[in-house]
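Below, each chain spelled out in residue letters.
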Amino acid sequence: MPISETQIENGTFRVTRWELEPGDTIPAHVHEHEYVVVPLTEGTLWATATDGTETAVELSIGISYARPAGASRTVENRGTAWIMFVEIETLS
């Protein structure tokens, strides 16, 4: 089961640290806000969209990426090592 810890939620931002061990899946969800992901480890996450399309998301430590609001997906760690990242959502 993925571990998530909300570190900041102040009306402007929500900052959540995520940890996924091998085989963990973040269930289907929709991002209501734009967000940025800051990887803390290297690895590959598999994102599956609601239409079944799969995308390999390659993570490199400290190399951030952004996604728009409305993104809908399931996220899975199919690798052999833990994956950790910080997700920063804009709430305003």
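Here the structure is shown first, and the text comes after it.
Just so it is clear, the model here is predicted, and its values are computed rather than measured.

> What's the story with the overall build of the chain in this structure? I'm lost.
Helices and strands together make up the secondary structure of the chain, namely zero helices and nine strands. When the elements of the chain are put in sequence order from the N terminus, they spell out β-β-β-β-β-β-β-β-β. Its C-alpha atoms give the chain a radius of gyration of 13 Å, near enough to 12 Å, the size a compact globule of 92 residues would have. If you line up the chain on its principal axes, its C-alpha atoms span 35 × 30 × 25 Å. Long-range contacts, defined as pairs at least 24 residues apart, comprise 70% of the intrachain contacts of the chain with a sequence gap of at least 6. The chain carries 5 positive and 14 negative side-chain charges, and their two centres are separated by 2 Å.

> Help me understand the pairing of strand E4 (residues 35-39), please; the structure alone is not making it clear to me.
Regular strands show a simple pattern: their side chains alternate between the two faces of the sheet. Here E4 shows a buried face lined by Tyr35, Val37 and Pro39 and an unburied face lined by Val36 and Val38. The pairing of E4 with strand E7 (residues 65-67) spans three bridges and is antiparallel. Bridge pairing links Val36 to Ala66 in E7. Sheet topology places E4 next to strand E9 (residues 83-90); five bridges connect them, and they run antiparallel. Residue pairing for E9: Pro39 is matched across the bridge by Phe85.

> Where do I start with the sheet that holds strand E6 (residues 54-59) in this structure?
Two orientations exist for strands paired in a sheet by backbone hydrogen bonds: parallel and antiparallel. Spatial ordering of the open sheet is given by E3-E8-E5-E6, a layout of four strands whose pairing is antiparallel. Every other strand in the sheet has two partners, leaving strand E3 (25-30) and E6 as the edge strands with one partner each. In this sheet, adjacent strand axes meet at a mean angle of 25° when their direction is disregarded. The pairing of strand E5 (residues 43-49) with strand E8 (residues 72-76) spans four bridges and is antiparallel. Counted as the bridge partner of Ala49 is Arg73 from E8.

> What exactly am I supposed to notice about the packing of aromatic side chains here?
Applying the stated criterion across every chain yields a total of one aromatic pair. Pairing Trp18 with Phe85 gives two aromatic rings, centres 6.4 Å apart and planes at 20°, and the pair type is stacked. Here Phe85 lies in strand E9 and Trp18 lies in strand E2 (residues 13-20), a separation of 67 residues in the sequence. Of the two residues, Trp18 and Phe85, both sit in the buried class.

Each value, and the rule that gives it
Residues numbered from 1 in each chain as written. Predicted model: local features only at pLDDT ≥ 70, side-chain atom pairs only at ≥ 80, totals over all residues. Heavy atoms only, no water. Helix = DSSP H or I, 4+ residues; strand = E, 2+ residues; numbered from the N terminus. Rg over C-alpha atoms; globule rule 2.2 N^0.38 Å. Contact = heavy atoms within 4.5 Å. Lys, Arg positive; Asp, Glu negative; His and termini not counted. Charge placed at Lys NZ, Arg CZ, Asp CG, Glu CD. Buried < 20%, exposed > 50% of the residue type's maximum accessible area, 1.4 Å probe, protein only. Pairing = 2+ DSSP bridges. Axes fitted to C-alpha atoms, helices over the stretch in contact; angles between N-to-C directions. Phe/Tyr/Trp six-rings, centres within 6.5 Å; stacked < 30°, edge-to-face > 60°.

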